[in-house]
Structures are given as structure tokens and as C-alpha cells.
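A structural walkthrough
What follows is the residue order along each chain.
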Amino acid sequence: ARLYINQQNWPKAMACLSQALTRHPSDAEAHIMLENVNVHLSGKPYFRVPAFMTLSGSDAPEAYRLLYGIAMAQRNFNKNGGAKDGRLAIVDIYDDRSNMETAAGICGSICNDKEYCGVIGPFSSQFSLALSPLFNSAQLPILTPVVSAPGIWEQGRYIFTASDTNAARCAVIARYLWQKGCRRVGIVVDRDSVLSANVAEYFRRSFQALGGQIGSENKFTGVKFDRVIDKLEQDGVDCVFFSDHRGTPLALFAKELRSRGLKIPLAGQVAPFTKDLISVGGNAVEGLILSGYFHSDSSTPATKLYAERFRHLFGGLSPSHLDASAYDAANIIFSAYKNGVKSRQEMGAYLHSIGADPQEKGARPCWQGATGTFSLARQLDIRDIYLIEIHKGKYDLIRLYRRGQKEDPQATPTNNTPGWLPGRTPSGEDNF
């Protein structure tokens, strides 16, 4: 299909991609390529949007999920008539291979292409922070779907994220561990990750605010954890918080932890619904606690509709926080074209207007999408939070935290406490 696309032989490319999707309906990249080919076959005018993604390397298992949301948003946008001037959307996919040098080269190519008015991506916090000066210099707005490092909001007028910080997600995990009787936590941090360090700090503050102690804090590189677990045992912790966004390292850590006979509660910040977390971790990740701003079983109308359409389009595949965030980000970029944006400067102004202070000229309401309500113009952190446990190989929703109201954070759950299931885990809705 790529060969035929390079030759601009659209009919043969369409035939190849249609067959590929018949066999593999969950191939997100093929969905995007086929939509691009259909745009060319339609003969209609189009605009191009770069998807600055990570499809190979260490971040690929999580990052590939973003393509699903982008594919679904592109398909819906084109199906509904496209931009204000009738143009349809073509998505150009770039793979940074989890490599900074490759990412820098892609950044240069994207910035130099004057057709591009806005970028979806990058995936990682480190790449986004490092490349922000280059995008600002080119006056090319980027909207990264899932970057949550706190520094992203101060990177300049052309840098935006569709994510919230991880502070509230860490706070609900800290409170859950506290309510389960944990008082002395071990924190495990990736030595080479800015995001991992930020998440660890959020959790540390929340757990200590409840009265808990940091019994041990250990850094790791790669996927060797024997020394880390030795230290956790020596320090006598009664629970562990693993601060990393990738599923495989957490799964391998859990396997080694359980092989030592340590049955203490384990929590992390891997995005829920990560496939390799369960496929690699197996029984070792049973009982693992996670949190997120999205759950496919949510009764929220926008989320419920997204989950239904997602499963239908991708052959029954379950959606996740990652693809839902990319879906929201892509929809925002496409909505800019729907509103007549035709330049980088206009794109930057449009993105800044979403969720801006109502007193600002041209301010638009916060965006309400599949992942909840959020702002691009400022750091609001107002999404609801889902507390999730891996139970019998599935991501079970055990509690929904509604934002903006209060509950005693040191209260201990009992069988008579409303909303708590006896003998297992909390369930239902909670105020936070």
C-alpha cells in the first residue's frame, strides 16, 4: 500500500488497505492510510495534519494507542463534510522511534513544511519539552494528547496539551492505600524519565499529607529490579508505588516482586487498559491499582458514545485513556479548520481560546470530550478520576471520584460505609 501511495496509484492502494483492514480491523495505521487514500480518490481539496507519534522503540506499546483516536477523529471529520471551506483532512504519520535524535529531525521537517498549521503530538513529555523551543521559533502550534509534565504549561504560546497533571490521579491512589491501612510506602522511580520523577513527587506529597511515611525511594534503569526489591525488603515497606508510564517495566517489576513472596499492595501510573501490562505481568499484576481520567464503562454520555463507536470501528477492541485523549486532541485540531483557521498564528490563537479566562477577548468554553472537561489555555485539573484495579485479568472500575467536593481523606472504609463493597475494594462514586 505504501508503494502504491508513493506512486499515487490510489485505486491499488485502496484495494491493499481494504484487504488489510478486513483481516486486521484493529490496525490503526491502516485506517488512517485508507482515509488519506479516500480523500485523494474523492478529488476534493484537503489540508494536512502531522501526527508526531512513537510507533517503535521503548514507548511504542503505549504510544501506538494514540493512532486509534486520531483515526477515529479523522474519519468522523471527513464523513461530516470536513472544514468550513470544504477541505478534508489528511493525516501524515511520523515515527520518532523513541529516539531523541530522530525526533529532532522530524521536528525540523515538520516546522519547515509551510502547509502545516498545527501538530498532533509528540507522545512523550521529554520530547515535547525538549522540542518546544523549536516549535515556538517556527510559530507552529503543537497539541500533545497525553503529556502531563507540569512544565508543559510554561513552554510558550505555541505549546498545548490535552492532558491534565497527574497530581489528582496520584492523590486518589495515595488515599486508597492509606484507607487500606498502608503507612510506609516504597517509591520506585525511573532514573531517566522526567515524567517519572514528577509523578513520584506528586504521590510523595499526597501520601505524606495523609500522615504516611516514605520508607524507601529507589531509582531504576532498564528492567532489572533485583537491587530495588532488596532495598524495599530491607526498609520494611507495606506497599509500593511504581512511578512509570510504561506497562512492560511495571509488569516485570510485579513479577519479580511476587516471585520474592512479597504480597504487599502495588500501585502505579501506567495508563489503564495497557495490553502488555496484563499479557506480560499475568497473575503478578492481579490487584494492581491504577487511576485515570477515562474508563470505557463510564456512564458519561460522551465517553459511552466514544466507547461504542470505538469497538465497532476497531473490531471489538476496548478503548483506553490514551486513544481517547488523542481523539479529543485531534478533534480540537480539526475543529480549528471547521472554524476557518488557515495559518499557524490563527491556529495558535484558536487553541489558546479554548477554556481561556472568560474575561479574555475571544475566549471559548472548555472542551468537553471523551476524556471529560478540560482547558488548553490554562491548567484546570477538573476531570473526574477513575480508580481501577486489575482483577481476573481485567481493568475493573472500583471507584469514580467526582471533583470539587470533599470527603474525609483519612476515613477508613468499612462494610457499612456507603459505596464500599464488603470484603474487597471500594466501589461507586466518591467526592474529591
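Residues numbered from 1 in each chain as written. Predicted model: local features only at pLDDT ≥ 70, side-chain atom pairs only at ≥ 80, totals over all residues. Heavy atoms only, no water.

A word on the pairing of strand E14 (residues 394–402). Alignment of strand E13 (residues 385–391) against E14, held across seven bridges, turns out to be antiparallel. Along E14, the bridge assignment pairs Ile385 with Tyr401. In this structure, the hairpin formed by E13 and E14 is closed by a connection of two residues, where Lys392 is found at a positive phi of approximately 55 degrees. (Pairing = 2+ DSSP bridges. Helix = DSSP H or I, 4+ residues; strand = E, 2+ residues; numbered from the N terminus.)

Glancing now at the packing of helix H14 (residues 321–338) against helix H15 (residues 344–353). How two helices pack is summed up by the angle between their axes together with the distance between the axes. Running from amino to carboxyl end, H14 crosses H15 at an angle of 120 degrees, the nearest separation of the two axes being 10 Å. When the axes of H14 and H15 are compared, the pair comes out oblique. H14 and H15 meet at a crossing whose hand is right-handed. Of H15, the residues touching H14 (which contributes Ile332, Ile333, Ser335, Ala336 and Tyr337) are Met347, Tyr350 and Leu351. (Axes fitted to C-alpha atoms, helices over the stretch in contact; angles between N-to-C directions. Parallel < 35°, antiparallel > 145°, perpendicular 65-115°, else oblique. Left-handed = near helix turned anticlockwise from the far one by under 90°. Contact = heavy atoms within 4.5 Å.)

With that out of the way, let us pick up the pattern of salt bridges. For the structure shown, the criterion picks out 16 salt bridges. For Arg260, the salt bridge goes to Asp230, with nearest N and O atoms at 2.9 Å. Of this pair, Arg260 sits in the loop between helix H11 (247–259) and strand E9 (266–268) while Asp230 is found in helix H10 (residues 226–235), placing the two residues 30 residues apart along the sequence. Judged by its relative accessible area of 30%, Arg260 is partly exposed. By relative accessible area, Asp230 is classed as partly exposed at 31%. Measuring nitrogen to oxygen at the nearest pair gives 2.7 Å for the salt bridge that ties Asp235 to Lys231. In this pair, Asp235 and Lys231 both sit in helix H10, four residues apart, roughly one turn of the helix. (Salt bridge = Lys/Arg side-chain N within 4 Å of Asp/Glu carboxyl O. Buried < 20%, exposed > 50% of the residue type's maximum accessible area, 1.4 Å probe, protein only.)

This brings us to the nonpolar core. In terms of nonpolar packing, the biggest core is built from 50 residues, with Ile70 and Phe334 touching the most fellow members. At the level of secondary structure, the elements contributing two or more residues to this core comprise helix H3 (28–42), strand E1 (46–53), helix H5 (65–79), strand E2 (88–95), helix H13 (301–313), H14 and H15. Considering every element that reaches this core, the biggest residue donor is H14, with eleven residues. By size, the runner-up hydrophobic cluster in this structure holds 29 residues, among which are Phe225, Val240, Ile390 and Leu400. (Core = buried A, V, L, I, M, F, W, Y, C linked by side-chain atoms within 4.5 Å.)

Here the focus is unusual backbone geometry. Negative phi is the rule for most residues except glycine; trans is the rule for most peptide bonds. Here Gly121 and Pro122 are connected by a cis peptide whose omega angle stands at 0 degrees. Positionally, Pro122 belongs in the loop between strand E3 (119–120) and helix H7 (125–137). Look at Arg97: it is not a glycine, yet its phi comes out positive at around 60 degrees. Assignment of secondary structure puts Arg97 in the loop between E2 and helix H6 (100–112).

Let us look at the side chain of Ser206. With respect to the element layout, Ser206 can be found in helix H9 (residues 194–209). Judged by relative accessible area, which is 17%, Ser206 ranks as buried. Discounting residues that sit within four places of it in the chain, Ser206 has contacts with Cys170, Ala171 and Ala174.

Counting all residues, the mean pLDDT for the chain is 91, and 93% of those residues have values of 70 or more. Here residues 405–427 scores under 50 on pLDDT; set against residues more than four positions off or in separate chains, the count is 45 contacts. (pLDDT = per-residue confidence, 0-100.)

Our next topic: the pairing of strand E8 (residues 239–243). Counted residue by residue, E8 has five buried out of five residues, so it is predominantly covered. Burial of E8 is two-sided: the residues Cys239, Phe241 and Ser243 facing one way and the residues Val240 and Phe242 facing the other way are all buried. Judged from the five bridges that link them, strand E6 (residues 184–190) and E8 form a sheet pairing that is parallel. The partner of Val185 across the bridge, within E8, is Cys239. Sheet topology note: the E8/E9 ladder contains three bridges and is parallel. Among the inter-strand pairings, Val240 is bridged to a residue of E9, identified as Leu266. Considered for its hand, the β-α-β crossover made up of E8, H11 and E9 is right-handed. (Right-handed = clockwise from strand over helix to strand, strands pointing away.)

A few words now on H15. Of the residues making up H15, those classed as buried are Arg344, Met347, Gly348, Tyr350, Leu351 and Ser353. For H15, the secondary structure elements touched by its buried residues are H6, strand E5 (159–161), H14 and strand E11 (367–369). Gly355 sits one or two residues past H15 and shows a positive phi near 80 degrees.

A separate point is the packing of aromatic side chains. Tallied over the entire structure, the rule returns 20 aromatic pairs. Measuring from centroid to centroid gives 3.7 Å for Phe47 and Tyr337, while their planes differ by 10 degrees, and the two rings are stacked. Here Phe47 is found in strand E1, whereas its partner Tyr337 is found in helix H14, with 290 residues between them in sequence. Accessibility expressed as a relative area gives 3% for Phe47, which makes it buried. Judged by centre distance (5.0 Å) and plane angle (25 degrees), the rings of Phe77 and Phe334 are stacked. With Phe77 in helix H5 and Phe334 in helix H14, this pair connects stretches of sequence that are 257 residues apart. By the burial criterion, Phe77 is buried, and Phe334 matches it. (Phe/Tyr/Trp six-rings, centres within 6.5 Å; stacked < 30°, edge-to-face > 60°.)

The geometry of H5 relative to H13 is characterised by a closest axis approach of 11 Å and an angle of 95 degrees between their N-to-C directions. Accordingly, the angle class assigned to the pair H5 and H13 is roughly perpendicular. Between H5 and H13, the contacting residues are Arg65, Tyr68, Gly69, Met72, Arg75 and Asn76 on the first element and Tyr306, Arg309, Phe310 and Leu313 on the second.

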